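Take a look at the letters that make up each chain.
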Protein chains: 8
Amino acid sequence: MKKVAVIMGSDSDAAQVGKAVDTLKEFGVPVEAHVYSAHRTPEEARRFAAQARENGFGVIIAAAGMAAHLAGAIAANTTLPVIGIPIKSGALDGIDALLSTVQMPSGVPVATVAIDGAVNAALLAVQILAVSDEGLAEKLRERKESAAEKARSADRRIAEQFNK
Amino acid sequence: MKKVAVIMGSDSDAAQVGKAVDTLKEFGVPVEAHVYSAHRTPEEARRFAAQARENGFGVIIAAAGMAAHLAGAIAANTTLPVIGIPIKSGALDGIDALLSTVQMPSGVPVATVAIDGAVNAALLAVQILAVSDEGLAEKLRERKESAAEKARSADRRIAEQFNK
Amino acid sequence: MKKVAVIMGSDSDAAQVGKAVDTLKEFGVPVEAHVYSAHRTPEEARRFAAQARENGFGVIIAAAGMAAHLAGAIAANTTLPVIGIPIKSGALDGIDALLSTVQMPSGVPVATVAIDGAVNAALLAVQILAVSDEGLAEKLRERKESAAEKARSADRRIAEQFNK
Amino acid sequence: MKKVAVIMGSDSDAAQVGKAVDTLKEFGVPVEAHVYSAHRTPEEARRFAAQARENGFGVIIAAAGMAAHLAGAIAANTTLPVIGIPIKSGALDGIDALLSTVQMPSGVPVATVAIDGAVNAALLAVQILAVSDEGLAEKLRERKESAAEKARSADRRIAEQFNK
Amino acid sequence: MKKVAVIMGSDSDAAQVGKAVDTLKEFGVPVEAHVYSAHRTPEEARRFAAQARENGFGVIIAAAGMAAHLAGAIAANTTLPVIGIPIKSGALDGIDALLSTVQMPSGVPVATVAIDGAVNAALLAVQILAVSDEGLAEKLRERKESAAEKARSADRRIAEQFNK
Amino acid sequence: MKKVAVIMGSDSDAAQVGKAVDTLKEFGVPVEAHVYSAHRTPEEARRFAAQARENGFGVIIAAAGMAAHLAGAIAANTTLPVIGIPIKSGALDGIDALLSTVQMPSGVPVATVAIDGAVNAALLAVQILAVSDEGLAEKLRERKESAAEKARSADRRIAEQFNK
Amino acid sequence: MKKVAVIMGSDSDAAQVGKAVDTLKEFGVPVEAHVYSAHRTPEEARRFAAQARENGFGVIIAAAGMAAHLAGAIAANTTLPVIGIPIKSGALDGIDALLSTVQMPSGVPVATVAIDGAVNAALLAVQILAVSDEGLAEKLRERKESAAEKARSADRRIAEQFNK
Amino acid sequence: MKKVAVIMGSDSDAAQVGKAVDTLKEFGVPVEAHVYSAHRTPEEARRFAAQARENGFGVIIAAAGMAAHLAGAIAANTTLPVIGIPIKSGALDGIDALLSTVQMPSGVPVATVAIDGAVNAALLAVQILAVSDEGLAEKLRERKESAAEKARSADRRIAEQFNK
């Protein structure tokens, strides 16, 4: 199976971004986490991106806050799909990171998820790998069904609590 | 090759969304365009999404404006990767569509591109298919190189124009 | 009397949304609360909406946060009036939920109240039922008068505190 | 049948707000349009609202731009459901009118629709009257089906245009 | 001397709005505080405004949060200068109150100060009264000089702390 | 009668700001217009402000766009009431000018009106002068009544157009 | 004298960015313009930045729109001062470019000017060179005085037009 | 070596702004801190700015919150480069200060850094001085390399934590 890379711009984002790693491992997807900064270690970020495909990666997840250039800097150097997680940090609570990640110019897309959406970034990576992997697709269906079942339980609890 | 679906919420978005179709065709990716509205034909949207994988689709692109629920409504009914294009329309110029598309709750990701980012949505779809298709990956590299070459030509023109 | 449905997208919103249930009960309006998610249990949401009128409901209240599609998804499947409560959650404090709820395209309205406006959603539902129910209208007048009386008391307290 | 009032803050909004009147007439709903300004003729607005129920109105639609107080001022003086249309005007393109209309404090709801959402305001008014009027409900179902049919036609046109 | 009225929409704003009362008293300006709500006691607000000039008021300060209509509702019913204080409350931290207060349509101005700017509202009221009251003008000059002196002391402390 | 100064930061704002001058002249208020820039001629702005009271001014209106410092710079140098008009210009359509004008720190208020609210700035200036000038107060009442009468005419026209 | 580089992300920004080149030439500052894209030719951008100091540059100006990463990408690879011009383009009118440019994380500053502020970017570059170049400083003083003189002329024209 | 001035609008910003002073001292750059307020001590601010160059300063850093006019007021009175730090304070969390600082009109630039970006403001000042000071340039390179090394250590820690 292709690997998924989870890149964060700073290890201060590890708690948030770690959820992406955990989710990928739940699916049995091989994952590799790194700290590469678009501004402090741009060469490491570039080199990793440029070699990611030949190094066996299928998807790259990149998480950064504020003027979040990391996902774009990765995407500039690979043709793999790059998923961007805007991180909530600083005075503007992540709206700067969202716009810096999603508003990419024509030619270099970044697949952006919600602010602090680490779990969804991982699920999206699994969905991408599952396009050609029926086993993963089946696991996604199971998780979807399990989430639906949890919502149905919640419905029963709420009905019990309020509907009398 | 897996097909890519391009769904728009209204045919008034056809000019914008058509660029995604054109880009996909440039890559030789089989594409199918539809008008399904999350609010006017929700059942058609649901059914399409639910059967998309078995019908040979690998990626679904969904474009909508204002309270843009289409991509999320599609994603609720499939485990395929869903790409959302927020369309600029109405009084708020697309910021409503962007937030309605990208801020999905945990469990159901939508891979969001820039407002009116139809070309990037198509490129992202190609990148996703290219994870397991070396031929497509090669075409992406060529397009990337061609874009770089255009930027280098522009640099020469600008140098000619300004640097004397 | 027609019933009012109070649907929440997740039971994590129960504390906030519960105020709507409580307010409806104060008016003696029959109420039924449910957890239906536009993204995790879309079929349950659809079915509930489609059958709500024949099942004796007069109004549906739907509460959700972030890319809040729930009210719109309900409204797509019924001709009953649907009231949307945008819930404050996530990094953007509810502005995403507000725009996702209120900016509905032409043809499918959602009657939107303030962010976290659960009490007002309930009052609006009562007002809707009271269009053809003079008893409810009388109770609304009493509550309005009681709120005015409380404001007058506050005025006296403030006058006492500051005007000497 | 109860009447619907359509109040605009200024006759410069007549083109936009007229769509609400037209839509109501399509449903055969008796409608009365007025210009009452929360700031220039507050007494007229107040008196109209205070007497609306006894004068045979079931719903009041109020449209205003900028610091749009009209819907709230109406709602303060009636227990009828009040629908607010934020009008796009001035430098901020209607986001001021949206927030001024929807963010009502607890106790006095305004059912807010999208910026310039005059048609949806009318449809919402019809939905409210239709809670206890099966004939109107049937007309709403027909219009919903007709909108769906239009979307299906658009789908066929788009398929013709793009899918070959 | 003319009196200044300080009106708040709710006594939950008393702590914040009380600073305006205190500041006015420091200047020896006669002040009267009230709770009048544009939505819960609109008639009291209207009557107070309409009679304020003949009752000896020179300026009216009005403070409210969210869809803050109070200052506008007061201004609609008087030709006295009305000062609006947008109060920070609810999910949007006062940006709704700011726009609802300042974006008044042509013909009915509200002199708006910063969000939670109660002290400045009071100073502005004193400035207005001081246009024709040299004694008050002198007190304003003294306060201005005192504020400058405090800034100069702070400069000396900071120089001591940092410049060595 | 005290004079009103109308200061603009640039003569490119003359068309917009001229409405303030015209409105003041309609009331027979003596007015003096100037171009003083907080950034290009700060000393002229400062000197004008510092001497305005002794030079017979009662109110200063200041209009500027973008990072609109003019009203604040004037207010820093006078104890007269200063009215700020945020001008719509540049990429952000005046929201920058609004925040730069209204969000003044404690101690130095600016009475802010709507973006491009030149007429309201003039009316507010007249209201301020009218606190101690019954003749002006009477003219304000007449204008208010005339505006109400215009709204009533509009109501009749709209009734004619729509209510048949 | 050190040279100033003016880098634009795309030659579609040439009209806007050309003003920076023109302004620099007015001061006799040697200037070199280039098109380097952070996303299409990242290696060219990196190499230019890394060698800029040894190649005789003193300041780098970088202009880009939307998710404007260019200035940050340059700043990551040099210790020269980098000035960022956010360009107005796309649906969000430059607020995305502003936040993407200015909200840089600690360690890698970008000196950001206003949206489309090409002339100011050039003036800032001249100011930086003028720190150690008295001749340039003198030219800046002259330009400042000339701008003041133009404002004074405008004041006289406005006085003529309005003050009679 | 030229000195750097660090001006804050209020000593309540000292904790935040002190980081700029500390960073400058780490580089051995002579620094002078002051409290000058654009609104409370405008004359002191003006005089400092006007004499800064002849008093041996090379760069001025100015930090202020809300309607942050300080950097602009300084820039109006000097031809030295002025760096603005928007401070997070008040209800709007610094977006007002950011726009008030960065959106300067043509002719008077302010080099703006991120909200609360005191360290970056200091680094930018050092970069400016280092244009003509090879020793400082060397220190900047060392700090850049040290930041990169820290990022590499973080990468190793994260790899240890997640990649097994």
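All of these numbers come straight from a predicted model, not from anything done at the bench.

J.: Just to check I follow, could you spell out the overall build of chain A for this structure?
T.: Summing up its helical and strand segments, chain A has 6 helices and 5 strands in all. Helices and strands in chain A line up, N terminus first, as β-α-β-α-β-α-β-α-β-α-α. Seen along its three principal axes, the alpha-carbon backbone of chain A occupies a region of about 60 × 40 × 30 Å. Here the analysis covers contacts within chain A between residues at least 6 apart in sequence; of these, 67% occur between residues at least 24 apart. With the model as given, the accessible surface of chain A reaches about 5100 Å², and the carbon-plus-sulfur share is 49%.

J.: Even after reading the chapter, I still don't get the domain arrangement of chain A, so can you show me in this structure?
T.: How big an interface is tends to be expressed through the accessible area that disappears when the partners come together. Residues and elements named next belong to chain A. Taken domain by domain, chain A holds domain 1 (3-132) and domain 2 (134-164). Domain 1 and domain 2 are separated by 28 Å when their C-alpha centres are compared. Counting residues at the interface gives 11 residues for domain 1, matched by 6 residues for domain 2. Summing both partners gives a buried area of about 690 Å² for domain 1 against domain 2, and 70% of it is carried by carbon and sulfur. The largest share of the area that domain 1 buries against domain 2 comes from Phe 27, Leu 123 and Ala 130, three residues that together contribute 60% of it. On inspection of domain 1 and its partner domain 2, the count reaches 1 salt bridge. Here Arg 143 makes a salt bridge to Glu 26, at a shortest N to O gap of 3.0 Å. Scanning the region where domain 1 abuts domain 2 turns up 2 residue pairs in polar contact (both at pLDDT 80 or more). Looking at the side of domain 1 that touches domain 2, the elements that each hand over two or more residues are α1 (14-26) and α5 (118-130). Residue contributions to the side of domain 1 that touches domain 2 peak at 6 residues, all from α5.

J.: Would you mind showing me how to read helix α1 (residues 14-26) of chain D here?
T.: Every α-helix carries 3.6 residues per turn, so stepping three or four residues along brings you back to the same face. All names here are of chain D. For α1, spanning 13 residues, the distance from its first C-alpha to its last is 18 Å, which sits close to the expected 18 Å at 1.5 Å a residue. Every buried residue of α1 is accounted for by Ala 14, Gln 16, Val 17, Gly 18, Ala 20, Val 21, Thr 23 and Leu 24. Directly beyond the C-terminal end of α1, a positive phi value near 70° is found at Gly 28.

J.: Sorry if this is basic, but what is going on with the relation of the copies chain C and chain D here?
T.: The two chain copies are related to each other by a rotation about an axis together with a translation along it. Taken as rigid bodies, chain C and chain D are interconverted by a rotation of 180° and an axial shift of 0.0 Å, the fit giving an RMSD of 0.0 Å. Both copies are brought into coincidence by an operation consistent with a two-fold rotation axis. Take the interface residues of chain C: 100% of them recur as interface residues in chain D, which is what a same-surface contact looks like.

J.: Is there a simple way to think about the interface of chain A and chain B in this case?
T.: Taken together, the contact between chain A and chain B spans 41 residues of the former and 41 residues of the latter. Of the roughly 3200 Å² buried where chain A meets chain B, counting both sides, 58% is carbon and sulfur surface. On the chain A side of the interface with chain B, the three residues burying the most area are Thr 79, Pro 109 and Val 131 of chain A, jointly 20% of the side's total. In this assembly, chain A and chain B are joined by 0 salt bridges.

J.: Got a minute to help me understand the interface of chain C and chain D in this structure?
T.: Taken together, the contact between chain C and chain D spans 41 residues of the former and 41 residues of the latter. Area buried by chain C at its contact with chain D is led by Thr 79, Pro 109 and Val 131 of chain C, which between them contribute 20% of it. Taken together, the links from chain C to chain D amount to 0 salt bridges. Viewed at the interface, chain D and chain C are joined by 20 residue pairs in polar contact (both at pLDDT 80 or more). No other element matches helix α5 (residues 118-130) of chain C, which puts 8 residues into the side of chain C that touches chain D. For the side of chain C that touches chain D, the per-class residue count stands at 25 nonpolar, 11 polar and 5 charged.

J.: Looking at this structure, I do not really get the side chain of Ser 10 of chain H. What am I missing?
T.: Here Ser 10 of chain H shows up in the loop between β1 (3-8) and α1 (14-26). Polar contacts involving the side chain of Ser 10 of chain H include one to the side chain of Ser 12 of chain H, which spans 2.8 Å.

J.: What exactly am I supposed to notice about the relation of the copies chain A and chain B here?
T.: Note on the identical chains: chain A maps onto chain B by a rotation of 180° and an axial translation of 0.0 Å, with an RMSD of 0.0 Å. Interface overlap between copies is the fraction of interface residues in one copy that are interface residues in the other; for chain A against chain B it reaches 100%, indicating a shared surface.

J.: Looking at this model, I keep getting lost on the arrangement of the chains. Mind explaining?
T.: Separated without contact, chain B and chain E have their nearest C-alpha atoms at a distance of 16 Å. In this assembly chain B lies apart from chain F, the nearest approach of their C-alpha atoms being 13 Å.

J.: Just checking my understanding: could you explain the pairing of strand β3 (residues 57-65) of chain C for this structure?
T.: A regular strand places its side chains so that they alternate between the two faces of the sheet. Residues and elements named next belong to chain C. The buried fraction of β3 amounts to 9 of the 9 residues, a majority that puts the element mostly inside the structure. Note that strand β1 (residues 3-8) and β3 share 6 bridges and pair parallel. Residue pairing for β3: Lys 3 is matched across the bridge by Phe 57. Regarding topology, helix α3 (residues 70-75) serves as the crossover connection from β3 to the parallel strand β4 (residues 82-87), and that connection is right-handed.

Calculation rules
- Residues numbered from 1 in each chain as written.
- Chains lettered and ligands numbered in written order.
- Predicted model: local features only at pLDDT ≥ 70, side-chain atom pairs only at ≥ 80, totals over all residues.
- Heavy atoms only, no water.
- Helix = DSSP H or I, 4+ residues; strand = E, 2+ residues; numbered from the N terminus.
- Contact = heavy atoms within 4.5 Å.
- Areas by Shrake-Rupley, 256 points an atom, 1.4 Å probe, with all protein chains shown as cover.
- Domains from an automatic or database assignment.
- Buried area = accessible area lost by both parts, 1.4 Å probe.
- Salt bridge = Lys/Arg side-chain N within 4 Å of Asp/Glu carboxyl O.
- Polar contact = N/O pair within 3.5 Å; in protein donor to acceptor, adjacent residues only side chain to side chain.
- Expected span 1.5 Å × (residues − 1).
- Buried < 20%, exposed > 50% of the residue type's maximum accessible area, 1.4 Å probe, protein only.
- Least-squares fit on C-alpha atoms with pLDDT ≥ 70 in both.
- Nonpolar A, V, L, I, M, F, W, Y, C, P; charged D, E, K, R; others polar.
- Pairing = 2+ DSSP bridges.
- Right-handed = clockwise from strand over helix to strand, strands pointing away.

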